[in-house]
Amino acid sequence: MRCRILVLCAFICLFVILTEARQRKVNHSADRRSLAVRRGHRNQRSSARHGAGLAARSRNQRKRRLNAAKRSRRRRNLARKANRKIKAKTESVVRSGSSYATLPLDFQQNFVRTTDNLRSEKSFLANRYGFSFSKTSGTATLKNTANMEYTCKMNIGTPKQKFTVLPDTGSSNIWVPGPHCRSKACKKHKQYHPAKSSTYVKNGKSFAITYGSGSVAGVLAKDTVRIDGLAVTNQTFGMTTKEPGTTLVTSNFDGILGLGYRSIAVDNVKTLVENMCSEDVITSCKFAICMKGGGSSARGGALIFGSSKTSAYSGSHSYTYTPVTKKGYWQFTLQDIYVGGTKVSGSVQAIVDSGTSLITAPTAIYKKINKVIGCTATSSGECWMKCSKKIPDFAFVIAGKKFVVKGNKMKLKVRTNRGKTVCISAVSEVPDEPVILGDAFIRHFCTEFDLANNRIGFAATTYAT
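Conventions we followed
Residues numbered from 1 in each chain as written. Predicted model: local features only at pLDDT ≥ 70, side-chain atom pairs only at ≥ 80, totals over all residues. Heavy atoms only, no water. 1 Å grid on protein atoms, 1.4 Å probe; cavity = no way out; pocket = protein on both sides within 12 Å on 5 of 7 lines; lining within 4 Å. Points joined across faces, edges and corners; volume = space filled by probe spheres on them. Nonpolar A, V, L, I, M, F, W, Y, C, P; charged D, E, K, R; others polar. Salt bridge = Lys/Arg side-chain N within 4 Å of Asp/Glu carboxyl O. Pairing = 2+ DSSP bridges. Helix = DSSP H or I, 4+ residues; strand = E, 2+ residues; numbered from the N terminus. Axes fitted to C-alpha atoms, helices over the stretch in contact; angles between N-to-C directions. Core = buried A, V, L, I, M, F, W, Y, C linked by side-chain atoms within 4.5 Å. Buried < 20%, exposed > 50% of the residue type's maximum accessible area, 1.4 Å probe, protein only. Domains from an automatic or database assignment. Contact = heavy atoms within 4.5 Å. Phe/Tyr/Trp six-rings, centres within 6.5 Å; stacked < 30°, edge-to-face > 60°. Lys NZ or Arg CZ within 6 Å of the ring centre and 35° of its normal. UniProt positions renumbered as here; feature names shortened; annotations may be inferred. Polar contact = N/O pair within 3.5 Å; in protein donor to acceptor, adjacent residues only side chain to side chain.

### Let's talk about empty space enclosed by the protein
- Applying the stated criterion across every chain yields a total of two cavities of 30 Å³ or more.
- The space that makes up the second largest cavity amounts to roughly 30 Å³.
- Taken together, G258, L259, G260, T271, V273, F287, W330 and L451 form the lining of the second largest cavity.
- By residue class, the composition of the lining of the second largest cavity is five nonpolar, three polar and no charged.

This is the structure we're talking about:
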């Protein structure tokens, strides 16, 4: 009996063990399925997030591309509109017959030249016009420029590169310091950089302009040149690579704006005014210079392109015209010269030269002038006097009309090497014609240079000169 009970207990225990084992197996399978499901859900969520991120990035990239395209189109449209406006404005101005510009001249304040400046300027003139002064100092190269008092502004390139230039009716080329010039003068002034201009056109031809015992040398280039809003495209000008001497180091201008005829241009370059006329940039093929002198004012008058309306500078004074006798320099016939009541010259050829402050006269006329005013002539071709000395008025007869310059305006203050200030006659000696009429004459008369009619006009200024 006892054995049966033990066997029965053993069967019951075995049954319980097998049942529990089966239950554990079922639970383990369920757990594995649940884990798989959870992992599947996590993978699905991760894939969804990754897909959403890619889609967002793709949308952002498309948006950026679209925005960039819009900005580009907007810039192009604005540029086209601006060009149309400029073109329309230019065409409108040209058609209306009012295309001109008035450019202020700047004046070197309280200017007093030195004897070195004076003699170097004479050396410069001798080289320009092919004559010689007696015993003009040859020690300085380009020493003339320090006493060229009147300057104006000019822009070259796109965008604009700004320069201060000397308006010079005694030459016909434009030049400014170039990017490869290592002369001290270039480093002290603004230099033109072709790489910064979208309208620059390479030329590469060499040029050289002689001044005194040295020369400004460089290469030619083309670019847009602007004067007070008047633009000439593809204007040929010089980029200097060498500016010898010491004068340009301290000069108050960067370069030269030549305003003479093309026939005296180095390399036969077409002049700025000639291009203004042929391209209808100005409707009247002329320009005028009205200078103001003395005092401490920085403004020294005006350079006017395309018009002879100078009433703001000449008042009601009308122009007296005389024909150009030789196209090159602005040359004409000066009929007579008087000092006080004494006639010191009959008919001679004369040149209007805004690039110098001097007046020159042939030896015979020079000696007669000195005798009348009572100055002391020197071996270097100047005539010295005390600044307190009173001298008679000068009268220059042009086209039958007398143009009078007060005697006290025909004296120039000069500082000697010892620091003493003295006065000399504004007239210097040259061996022969032509007479050169520089700023000492021009500042008293608005001067019109008419290329269309090959004539020069003079009208008295209303400035306190």
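### Looking at the pattern of salt bridges
- Here the structure, examined in full by the defined rule, presents five salt bridges.
- Across the pair D450 and R455 runs a salt bridge, and its minimum N-O distance is 3.0 Å.

### Here's the deal with the sheet that holds strand β21 (residues 394–398)
- Taken in spatial order, the four strands of this open sheet run β16-β15-β21-β22, and their pairing is antiparallel. Across the chains shown, the open sheet's two edge strands, defined by having one partner strand only, are β16 (342–345) and β22 (401–405). Averaged over neighbouring strand pairs, the angle between their axes works out to 30° when direction is ignored.
- Judged from the five bridges that link them, β21 and β22 form a sheet pairing that is antiparallel. Across the sheet, F394 pairs through a bridge with V405, a residue of β22.

### Description of the nonpolar core
- Core analysis: the biggest nonpolar cluster contains 76 residues, and L257, F287, L303, F305, F396 and F441 have the highest contact counts within it.
- Domain assignment of the residues forming this core places at least three in each of domain 1 (138–305) and domain 2 (320–460).
- Once residues lying within four places of it in the same chain are set aside, the contact partners of F396 are L334, D336, I337, I359, K401, K402, F403, V405, M410, L437 and F441.
- A185, I209, L248 and V249 belong to the second largest nonpolar core, which has twelve residues in total.

### What to know about the packing of aromatic side chains
- Tallying each qualifying case throughout the model produces 15 aromatic pairs.
- Pairing Y192 with F237 gives two aromatic rings, centres 5.1 Å apart and planes at 90°, and the pair type is edge-to-face. Linking Y192 in the loop between α3 (184–187) and β6 (201–211) with F237 in strand β8 (residues 230–242), this pair joins segments that are 45 residues apart in sequence. Each member of the pair Y192 and F237 is classed as buried.
- Seen in terms of ring centroids, F287 and W330 are 6.1 Å apart; in terms of plane orientation they differ by 80°. Their pairing is edge-to-face. On the criterion of sequence distance, the pair formed by F287 in strand β10 (residues 286–291) and W330 in strand β14 (residues 330–334) is long-range, its members being 43 residues apart.
- Here W330 falls in the buried class, since its relative accessible area comes to 0%.
- Through a chain of ring-to-ring contacts, the aromatic side chains of F332, F394, F396, F403, F441, F445 and F458 assemble into a single cluster.
- Geometry around Y321 places R455 over its ring, the cationic atom sitting 3.6 Å from the centre.

### Considerations on the pairing of β14
- Within β14, four of the five residues are buried, leaving the element largely enclosed by the surrounding structure.
- Pairing geometry for strand β13 (residues 326–327) and β14, over two bridges, is antiparallel. Within β14, the position partnered with K326 by the bridge is Q331.
- Where β13 folds back on β14, the antiparallel hairpin that results is connected by two residues.
- In this structure, β14 lies alongside strand β17 (residues 348–352), joined through four bridges in antiparallel fashion. The partner of Q331 across the bridge, within β17, is I351.

### Some remarks on the UniProt feature "active site" (unreviewed entry) in the chain
- Per the UniProt annotation, the sites labelled "active site" (unreviewed entry) are D168 and D353. Taking the farthest pair of C-alpha atoms as the criterion, the annotated set spanning 186 residues converges on one region, since that pair is 6.8 Å apart.
- Along the chain, D168 falls in strand β4 (residues 161–168).
- Here the side chain of D353 touches G355 through a polar contact of 2.8 Å, landing on its backbone nitrogen.

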